[in-house]
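Summary of the model geometry
Spelled out from the first residue to the last, the chains are:
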Amino acid sequence: MKNGFTLVEIVIVVAILAVVLGLGYFVGFDFYKNYALHSEKDILISVLRKARSQALNNVGATAHGVYIDDSSYTIFYGNSFVSRDSQYDENIRKAPGISLSGLNEVVFAPLTATSTASSTIVLNNNRNSFFIDINSEGRINWR
């Protein structure tokens, strides 16, 4: 009598391990994509709040805003991104793989922090979405 495993037993164990590891990979990748989306939402909300806070506190005695492009968020001083004082720009890199649509520039007025735009920013990772609403009073809400 010989001790050991048959070829069929080894193939079955390898197949089971492949299925379990394959499912783990997809679950882990989905977890990472959701984490990245949540993190990007938190970063964008922080950027918007910082610009609003600077305007409310009248830093530099001017309006403050946020400009969103394909690769970064820019906190700027001035009434618009085009007419800003670029020496005060603060650039924050945007995470790859997350698309943004909707509002791409918002400016908060000094002392009141009212907003020039009343709209929604949509963050999307092809599975889930977050919506960040900014109203004319400068209030920032997300869902």
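A brief structural summary. (Residues numbered from 1 in each chain as written. Predicted model: local features only at pLDDT ≥ 70, side-chain atom pairs only at ≥ 80, totals over all residues. Heavy atoms only, no water.)

**Side note on the pairing of strand β6 (residues 119-124)**
Quick note on the threshold: For two strands to be treated as a pair, DSSP must find no fewer than two bridges joining them. By the criteria applied, helices consist of DSSP H or I runs no shorter than four residues and strands consist of E runs no shorter than two, each listed in order from the N terminus.
Bridging between strand β4 (residues 99-102) and β6 involves four bridges; their strand directions are antiparallel. Note on β6: the bridge partner recorded for Leu100 is Leu123. Both β6 and strand β7 (residues 129-134) contribute to a ladder of six bridges, which runs antiparallel. Bridged to Ile121 within β7 is Ile132. Between the end of β6 and the start of β7, which pair antiparallel, lie four residues, with Asn126 showing a positive phi angle near 70 degrees.

**A look at the sheet that holds strand β3 (residues 90-93)**
How we decide: Axis lines are fitted through C-alpha atoms, for helices just across the contact stretch, and the angle between N-to-C directions can take any value from 0 to 180 degrees.
Within the open sheet, the four strands sit side by side as β3-β2-β1-β5. Their pairing is antiparallel. Whereas interior strands pair on both sides, the edge strands pair on one side only; in this sheet they are β3 and β5 (105-108). Looking at each pair of strands side by side, their axes are set apart by 15 degrees on average, direction ignored. With five bridges joining them, strand β1 (residues 64-68) and strand β2 (residues 72-77) adopt antiparallel strand pairing.

**Side note on the sheet that holds β7**
With antiparallel pairing, the four strands of this open sheet are ordered in space as β4-β6-β7-β8. The open sheet has two edge strands with one neighbour each: β4 and β8 (140-142). Recorded for the sheet is a direction-independent mean angle of 20 degrees between the axes of neighbouring strands. Inspection of the sheet shows β7 paired to β8 by three bridges, in the antiparallel sense. What sits directly across from Ile134, in β8, is Ile140.

**Here's the deal with a nonpolar patch on the surface**
So the rule is basically this: A patch consists of residues whose relative accessible area exceeds 30% and which take part in no salt bridge; residues with like charges are grouped when within 9 Å of each other, and nonpolar side chains (Val, Leu, Ile, Met, Phe, Trp, Tyr) when within 5 Å. In these tables, accessible area is a Shrake-Rupley quantity obtained with a 1.4 Å probe, and a residue counts as shielded only by the protein chains included in the view. Salt bridges are defined by distance alone: a side-chain nitrogen of Lys or Arg within 4 Å of a carboxyl oxygen of Asp or Glu.
The grouping of Tyr25, Phe26, Phe29, Phe31, Tyr32 and Tyr35 at the surface amounts to a nonpolar patch, some 810 Å² of accessible area in total. Structurally, Phe31 can be placed in helix α1 (residues 7-56).

**A word on the pattern of salt bridges**
Where charged atoms from two side chains of opposite charge come close, those side chains can pair. The criterion, for reference: Only protein chains enter the accessibility calculation, which uses a 1.4 Å probe; a residue is then buried when its area is under 20% of its type maximum, exposed when over 50%, and partly exposed in between.
Per the counting criterion, the structure on display carries four salt bridges. The partner of Asp42 in a salt bridge is Lys41, with the nearest N and O atoms 3.3 Å apart. Its relative accessible area of 10% is what places Lys41 among the buried residues.

**Brief notes about the packing of aromatic side chains**
Applicable threshold: Any Phe, Tyr or Trp ring, taking Trp's six-membered ring, that has another such ring centre within 6.5 Å forms a pair; planes under 30 degrees apart are called stacked, those over 60 apart edge-to-face, and the others tilted. Charge-over-ring contacts are defined here by two conditions on Lys NZ or Arg CZ: a distance within 6 Å of the ring centre and an angle within 35 degrees of the ring normal.
Going through the model one piece at a time under the given rule, you end up with three aromatic pairs. Between Tyr67 and Phe81, the ring centres sit 4.0 Å apart and the planes meet at 10 degrees, which makes this aromatic pair stacked. A residue pair is termed long-range when its members are at least 10 positions apart, and Tyr67 in strand β1 and Phe81 in the loop between β2 and β3 qualify at 14 residues. With centroids separated by 5.6 Å and ring planes inclined at 75 degrees, the aromatic side chains of Phe76 and Phe81 adopt a geometry described as edge-to-face. Of the residues examined, Phe76 reaches a relative accessible area of 0% and is grouped as buried. Looking at Lys41, its charged tip hangs above the ring of Phe130, at a distance of 5.0 Å from the centre. One cation-aromatic arrangement involves Arg84 over Phe81; the distance from NZ or CZ to the ring centre is 3.8 Å.

Limitation: the analysis is restricted to geometry and does not speak to function.
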